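The residues making up each chain are set out below.
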Amino acid sequence: MRTLIEEFVLEPGTGKALELRKGQILRLEQIEGGQCLDFNCFNLDDYKEFFHCGRTRTLHGIHPTRGDFLWSAPPRERAMMYILADTAGANDVMFPRCSANLYESVYGYDAHTNCQDIQAEAQREYGLTPDDVHDSFNLFMCTGVDENGRTYITRQVSKPGDHVELLALMDVLAVPNICGADVMRTSNFAIRPAKVQIFAASDEDFAAVPPLRSWRTQRTVADFKVKAIRTERKLARDPDYRPEFVNTPIDYEAIEIALDAEELALLGRLARREQYGDRDGEALRDIVFSWWEETRPIG
Amino acid sequence: MAETTVTIHLNQQQKDLLDRTVAAGVAPDRIALIRLALRRYGELHAEKG
């Protein structure tokens, strides 16, 4: 059984930074329907770890939904939250947040509600700066990619009561905001309130989360050569710097592979000639690692 | 059976992955693994060139 901890209405033009402990659920619900919400998420104990659209997009595609995770940016790459529910099925991790500059440059506004400034104002409660606002998880935002590879936004499909539930897998600062776009189709040319609830998760909620494996390469500050967060804005070269790039120099070894007639014919059939021409060695290398990628013979 | 030699250039990271695959018992050695990969990839993509 879930326990309700907090409930309020997020008013148009606003956002709210919310401390969520591991095991708490943030539920964002449509009141009237048709409202896009932007979302930022930070590790509450280390704000430099934050939600990353790119990592999430790579693992779950451009429309994350129920059953997907919200991942933090490299080099952390940890699951921060889990999408327990998504009744509208229209979320986006392609589009950037709207900004004051968008509304000035396209529409001529001196001032207009926008997700960058709303997020910044909400995050200011925790001492974060406008530069700390990151690419948003866009909830209730209908987007796609056309045949020419261009991204687009279409009109809203969400109805009253549609909701997204995000389970915190670590202590986070979760920051939802009402998207400020009322002169574009993102929220069907309006700005509306949304209902926000925080619950303590039930055993059933926890049971819904797939097991997660830990990796040595999910780095923490302890792994960093530079651990301190900069306070100076101006950049200056470290005279003591000596590059320590991983596995460098990259050295290639020529390895001779004897292929029988059958294998040679196979190579002839499989070689990507349009890519490699008559360079059989490069074609064979492509085949070997393509096989590895496709079959993952070791975990 | 007549054999033809193909020269493949691998860097240390690529050799590392193949060697760990060999160590897992997939093939007896690196050369055998490369030949195995070719045959298995052919099976996976039997219908297309």
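Here the structure is a predicted model, which is why all the values come from computation and not from measurement.

Draft legend 1. How the structure looks around the UniProt feature "domain: Ribbon-helix-helix protein CopG" (unreviewed entry) in chain B. Mapped onto the present numbering, the UniProt feature "domain: Ribbon-helix-helix protein CopG" (unreviewed entry) falls at residues 5-41 of chain B. Along residues 5-41 of chain B one finds 65% helix and 19% strand; the C-alpha atoms at either end are 19 Å apart.

Draft legend 2. Structural view of the side chain of Q119 of chain A. All names here are of chain A. Position of Q119 among the secondary structure elements: in helix α3 (residues 115-123). Q119 gets classed as buried once you look at its relative accessible area, which sits at 1%. Those residues in contact with Q119 that sit more than four places away from it in its chain are D38, F39, N40, V133, V175, P176 and N177.

Draft legend 3. The arrangement of the packing of aromatic side chains in detail. Residues and elements named next belong to chain A. Scanning all chains against the criterion turns up seven aromatic pairs over all chains. Ring geometry for F69 and Y82: centres 4.9 Å apart, planes at 55°, overall tilted. Taken together, the positions of F69 in strand β6 (residues 69-71) and Y82 in strand β7 (residues 79-86) put the pair 13 residues apart, joining distant regions of the chain. Of the two residues, F69 and Y82, neither departs from the other in class, the shared state being buried. Each residue in the set F69, W71 and Y82 is aromatic and connected to the rest through ring pairs, giving one cluster. Above the face of the F199 ring, R2 is positioned so that its terminal group lies 5.6 Å from the ring centre. In this structure, R55 is placed above the aromatic ring of W71, and the distance from its NZ or CZ to the ring centre is 5.7 Å.

Draft legend 4. Representation of the interface of chain A and chain B within the structure. With 35 residues of chain A at the contact, the number on the chain B side is 37 residues. In total, about 3700 Å² of surface goes out of reach between chain A and chain B, with carbon and sulfur atoms giving 67% of it. Contact with chain B buries surface across chain A, with I255, I257 and W291 of chain A losing the most and accounting together for 18% of the total. Counting every contact that joins chain A to chain B gives four salt bridges. The salt bridge partner of R39 of chain B is E263 of chain A, with a shortest N-O separation of 2.7 Å. At the boundary of chain A with chain B, the tally comes to 20 residue pairs in polar contact (both at pLDDT 80 or more). Considering every element that reaches the side of chain A that touches chain B, the biggest residue donor is helix α7 (residues 280-295) of chain A, with twelve residues. Within the side of chain A that touches chain B, the residues separate by chemical class into 21 nonpolar, four polar and ten charged. Both strand β14 (residues 252-260) of chain A and strand β1 (residues 3-11) of chain B contribute to a ladder of nine bridges, which runs antiparallel.

Draft legend 5. Seen up close, the pattern of salt bridges. Residue and element names in this part refer to chain A. Tallying each qualifying case throughout the model produces 25 salt bridges over all chains. Put simply, R97 and D135 hold a salt bridge, and the shortest N to O gap is 3.4 Å. Placement of R97 in the loop between β7 and α2 (100-107) and of D135 in the loop between α3 and β8 (137-139) is noted, with a sequence separation of 38 residues between them. Here R97 falls in the partly exposed class, since its relative accessible area comes to 22%. R124 is the partner of E121 in a salt bridge, and the nearest nitrogen-oxygen pair spans 2.6 Å.

Draft legend 6. Summary view of the sheet that holds β6 of chain A. Residue and element names in this part refer to chain A. One open sheet accounts for six strands, arranged β1-β13-β3-β11-β7-β6; its pairing is antiparallel. Edge positions in the sheet fall to β1 (3-10) and β6, since each has one partner strand and no second. Across the sheet, the mean angle separating the axes of adjacent strands is 20° when strand polarity is ignored. When β1 meets strand β13 (residues 194-200), the two strands line up antiparallel, connected through seven bridges. When the bridges of β13 are listed, E7 appears paired with Q197.

Definitions and cut-offs
- Residues numbered from 1 in each chain as written.
- Chains lettered and ligands numbered in written order.
- Predicted model: local features only at pLDDT ≥ 70, side-chain atom pairs only at ≥ 80, totals over all residues.
- Heavy atoms only, no water.
- UniProt positions renumbered as here; feature names shortened; annotations may be inferred.
- Helix = DSSP H or I, 4+ residues; strand = E, 2+ residues; numbered from the N terminus.
- Buried < 20%, exposed > 50% of the residue type's maximum accessible area, 1.4 Å probe, protein only.
- Contact = heavy atoms within 4.5 Å.
- Phe/Tyr/Trp six-rings, centres within 6.5 Å; stacked < 30°, edge-to-face > 60°.
- Lys NZ or Arg CZ within 6 Å of the ring centre and 35° of its normal.
- Buried area = accessible area lost by both parts, 1.4 Å probe.
- Salt bridge = Lys/Arg side-chain N within 4 Å of Asp/Glu carboxyl O.
- Polar contact = N/O pair within 3.5 Å; in protein donor to acceptor, adjacent residues only side chain to side chain.
- Nonpolar A, V, L, I, M, F, W, Y, C, P; charged D, E, K, R; others polar.
- Pairing = 2+ DSSP bridges.
- Axes fitted to C-alpha atoms, helices over the stretch in contact; angles between N-to-C directions.

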